[in-house]
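Reading the structure
Take a look at the letters that make up each chain.
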Amino acid sequence: MKPLVEQLSRRVRQAILQMGADGDPLVQAAQDPKFGDYQSNCAMGLAKKLGKKPRDVAAAIVERLDIDDMCEPPEIAGPGFINLRLKPAFVIRCLEAIPPCADPQEDRVGVDRASVPETVVIDLSSPNLAKEMHVGHLRSTVIGDCVARVLEFEGHTVHRENHVGDWGTQFGMLLAHLRSVKPEVVDQPDSLVISDLESFYIEAKGRFDSDEDFKRKSRETVVALQGGDPTTHRLWMAFCVESSRHCHAIYDRLGVRLVDRGESFYTDLMPEVIARLEAMRETRNDGLVRVSEGALCLFMEGFKTRQGEPLPLIVRKSDGGYNYATSDLATIIHRVEQLKATRIIYVVGLAQKQHFDMIFAAARQAGWVAEHVSLVHLGFGSMLAATGRPFKTREGASVKLKDLLDEAVARARNVVERAALDQTRPERSFSEDQIEQIAERVGLAAVKYFDLSHSMSSDYRFDLDTMLNLEGNTAPYMLYAYARIRSIGRKAGVDFTTLPGDAPIILEHPAEVDLAKKLLQFAETLDVVGRELRPNVLTDYLYELAKVFSRFYDRKLGVRVIDASPDNVRVSRLRLCDITARVLRLGLHLLGIKTVEQM
Ligand code: ARG
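Before going into details, it helps to say that this report is about the structure given with it. (Residues numbered from 1 in each chain as written. Predicted model: local features only at pLDDT ≥ 70, side-chain atom pairs only at ≥ 80, totals over all residues. Heavy atoms only, no water.)

**A look at unusual backbone geometry**
As a reminder of what qualifies: Each helix is a run of H or I in the DSSP string that is no shorter than four residues. Each strand is a run of E no shorter than two, and both are numbered from the N terminus.
Going from S565 to P566, the amide bond is cis rather than trans, its omega being -5°. Relative to the assigned elements, P566 resides in the loop between helix 18 (535-552) and helix 19 (567-590). Its identity is not glycine, yet K340 carries a phi of approximately 60°, on the positive side. When you line up the elements, K340 lands in the loop between helix 11 (324-338) and strand 11 (343-347). Of note in the backbone geometry, L533 takes a positive phi value of approximately 55° without being a glycine. Tracing the sequence through the fold places L533 in the loop between helix 17 (510-532) and helix 18.

**A word on the site of the ligand**
Counted only if it meets this: For this purpose, a residue is taken to be near a molecule or strand whenever a single non-hydrogen atom of the residue falls within 4 Å of it. Any N or O atom pair separated by 3.5 Å or less is treated as a polar contact, with the protein-specific requirement of one donor-capable and one acceptor-capable atom, and with residues adjacent in sequence counted only for side-chain atom pairs. Surface accessibility follows the Shrake-Rupley procedure with a 1.4 Å probe radius. Residue values consider only the protein chains on display as shielding. Gly is placed with the polar residues, together with every amino acid not listed as nonpolar (Ala, Val, Leu, Ile, Met, Phe, Trp, Tyr, Cys and Pro) or charged (Asp, Glu, Lys and Arg).
Around the ligand, the surrounding shell consists of D123, S126, H163, Y324, D328, Y346, V348, Q352 and F356. One of the side-chain N or O atoms of D328 is found 2.7 Å from a nitrogen atom in the ligand. In this structure, Q352 approaches the ligand through a side-chain N or O atom, which is 3.0 Å from an oxygen atom. If the ligand stood free it would expose 350 Å²; the protein chains cover 81% of that surface. Residue classes in the shell around the ligand are distributed as 4 nonpolar, 3 polar and 2 charged.

**Considering the packing of helix 13 (residues 401-420) against helix 14 (residues 432-452)**
As a reminder, the rule being used: Geometry is summarised by axes, namely lines fitted to C-alpha atoms with helices restricted to the contacting stretch, and by angles between N-to-C directions that run from 0 to 180 degrees. Throughout, the term roughly parallel applies to angles under 35 degrees, roughly antiparallel to angles over 145, roughly perpendicular to angles from 65 to 115, and oblique to all others. A clockwise turn of the near helix away from the far one marks a right-handed crossing, whereas an anticlockwise turn of less than a right angle marks a left-handed crossing. We call two residues in contact when some of their heavy atoms are within 4.5 Å.
Packing of helix 13 against helix 14 leaves a shortest axis separation of 7 Å and a crossing angle of 125°. As the angle between them shows, helix 13 and helix 14 are arranged oblique. For the pair helix 13 and helix 14, the sense of crossing is right-handed. Across the interface between the two elements, L405, A408, V409, A412, R413, V416, E417 and A420 from helix 13 touch E432, I435, E436, I438, A439, E440, V442, G443, L444 and V447 from helix 14.

**Looking at helix 5 (residues 138-153)**
The cut-off we apply is this: Take the residue count of a helix, subtract one, and multiply by 1.5 Å to get its expected span. Accessible area is worked out with a 1.4 Å probe on protein chains only. A residue is then buried under 20% of its type maximum, exposed over 50%, and partly exposed in between.
Here helix 5 is 16 residues long and its end C-alpha atoms lie 22 Å apart, about the 22 Å a rise of 1.5 Å per residue gives. A large share of helix 5 lies buried, amounting to 15 of its 16 residues.

Now the structure itself:
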């Protein structure tokens, strides 16, 4: 199925063209169901262009609108809104066209792939390998993974790039320390195990700050590493492999797939970046590339200091060294020219907004990025402690991401155990293993869902009580909603997968119609998430769907399901249950959340 908004837009556009005009049909879901399901707001803009009254333009569009198979006769409201209400017969046809689910892994619940598949690079997570992953890495990892899942689902080729910090002066200190405490690593790099990376870093830093001789050694080690000295390189490799192993333990636990391609990968490309820019300095006369105070700089149009002076982007420091900007210009060249990406998404905190604004402008003004290639900084706000302060330990250190996840799982376990003790629900008696597994899933789901459900640019407070609440827009509520529908199937004695795929859908009760229409909004929701990269649009949709479903299943407000009669009505309602469960499962999967069958 194509998103309904898209189908309706096409029809409205045809009507506009038939008037001899052109313009965006501006179709969107209606704010208030009183006015229909969708509305087109194009008449106002067109009227201005054509010098006519908006309501007359709306009437002219409606007159030419061929939409009889999808909608009731359109209505014109207010200044010239065109209100569209779907016909139940059309809704039924769309739902009946959703094929049964043969394999949950492959289930698309009737959603089409994108018609033009792209190659997308997502730069996500990207911790510094010198240290342990901390809470600050959660957002990029979770948001990047969700965006990657949605774009992959849409049929795009996605490269998930973990731009780890594996290069730079701090490695001199770490490797010098490593060499002195574990000299055997030089000959047996595979033997290296550092159980606590954080204290290893602190030890090394302590020596660096207090011991002149060690400081000198550290500096020599950086030079040796950059000069390609084989022994230093082996030590470096061993350290990075070990540190990356720590990260991947967390990625595995979170179900996040990605490929490490850190800063060191770009060391060969950075001289190339500089060479290209040096050439431009000589051949171009627009002053983009200039030397200022010994540093090689780019001066892009549109960037000024507070004093109104041109703002430089330094790409080679006066001491000849490269910096963060140089390596990110290299990432653009690699991703555009080697990976052939047409969409490059950097999932990095908003604190780096200016950095990305500048390197994107630089790459474009240097002519390295064709117009059809999009560069996106998907910036996000900070995750704060529940108190609203920065997330730190009592001593002021970073909180390890692993500790945060462990705590969420431990707290989720309380919730699950309490539910398991609920005597009124005999279905919920779990073994110790089951409790463990459910708690792990619920805990991680709570953390991810809470993160993704916030609008990306705002800060939020990490509040376990709220995120583990069984009521509201939370993971436990969503997981429970899914498990509940699955239990309806069990109680009805049907295996949803064997419901006849050709059994008719019957929509009589308003609660059935509402549920059916909500289900059809899934495709257009994903479309928005894929275009605008806003996971909270998906969480909001899933939450609304769960609420509409609970009205459908409500004793008073809704319909009977398990004991509905006649049988064709019962089967139709069970099919609605099945499709709802599948949309919830798929939607949660795209958020990176695994469902549970019972909870
Ligand atoms: N390692 C960097 C940091 O911790 C994030 C890297 C983001 N990706 C990039 N291509 N700059 O700040």
